[in-house]
Amino acid sequence: MSDTKQYYYIRLKEDFFREDAVIALESLDNPDGFRYSNIYLKMLLRSLRNEGKLMVSDVIPYNPTMLATLTGHPVAIVEKANR
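Every residue gets a number counted from 1 within its own chain, in the order that chain's sequence is written. pLDDT decides what is reported in this predicted model: residues at 70 or higher carry local features, side-chain atom pairs at 80 or more are listed and counted, and totals for whole chains, interfaces and linings draw on all residues regardless. Side-chain metrics rest on all non-hydrogen atoms present in the structure, leaving aside hydrogens and water.

Before we move on, could you go through helix H3 (residues 64-71) and cite the residues and values that matter?
Type-normalised accessible area, obtained with a 1.4 Å probe on protein chains alone, sets the label of each residue: buried when under 20%, exposed when over 50%, and partly exposed for intermediate values. Segments assigned H or I by DSSP are reported as helices when at least four residues long, segments assigned E as strands when at least two residues long, and all are numbered from the N terminus. Of the positions making up H3, those classed as buried are Leu 67, Ala 68 and Thr 71. Angular distribution of buried residues about the axis of H3 spans 105°; they occupy a single face of the element. Any pair of nitrogen or oxygen atoms within 3.5 Å is treated as a polar contact; in protein, a donor-acceptor pairing is required on top of that, and neighbouring residues in sequence qualify only through side-chain atoms on both sides. Two to three positions downstream of the cap, the backbone nitrogen of Thr 65 sits 3.0 Å from a side-chain oxygen, assigning the N-cap of H3 to Asn 63. Note on H3: the residue one or two positions beyond its end, Gly 72, has a positive phi of about 80°. Think of the arc as the fan of directions from the helix axis to the C-beta atoms.

The following block contains the structure:
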């Protein structure tokens, strides 16, 4: 039986959560700051399907409501993280 699934990967540095950008995201809004880095990581992984672009298809980008559903976070948190 052959495996027809496509697999993608993303390389993260060991200090990913100590990078300035992630620390800044996590400090934006306490106590929800940790959610921003989680959303960021989930969006990075989702973008692998379209060469680094957050797109549903070649012409349809994700909107905050779609991203909230996919990441499991409230729309308001996704919108705030997207600014």
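Lay out the nonpolar core with the relevant residues and their values.
By size, the foremost hydrophobic cluster in this structure holds ten residues: Leu 25, Tyr 36, Ile 39, Met 43, Tyr 62, Leu 67, Ala 68, Ile 77, Val 78 and Ala 81. Looking at this core, the elements with two or more residues in it are helix H2 (33-47), H3 and helix H4 (75-81). Remark: nonpolar core denotes a set of buried residues (Ala, Val, Leu, Ile, Met, Phe, Trp, Tyr, Cys) joined through side-chain atoms within 4.5 Å.

Summarise the packing of aromatic side chains; cite the residues concerned and give the values.
Stacked, edge-to-face and tilted are the three classes for Phe, Tyr and Trp ring pairs, Trp counted by its six-membered ring, which pair at centre distances within 6.5 Å; planes under 30 degrees apart are stacked, over 60 edge-to-face, the rest tilted. Evaluation of the coordinates by the stated rule reveals two aromatic pairs. Residues Phe 16 and Phe 17 carry aromatic rings whose centres are separated by 4.9 Å and whose planes lie at 85° to one another, so their mutual orientation is edge-to-face. Its relative accessible area of 5% is what places Phe 16 among the buried residues. When its relative accessible area of 47% is taken as the criterion, Phe 17 is described as partly exposed. Ring centres 6.2 Å apart and planes at 5° place the aromatic pair Phe 16 and Tyr 40 in the stacked group. With Phe 16 in the segment before helix H1 (20-27) and Tyr 40 in helix H2, the pair connects residues that are 24 residues apart, well separated along the chain. Ring pairing ties together the aromatic residues Phe 16, Phe 17 and Tyr 40, which thus form one cluster.

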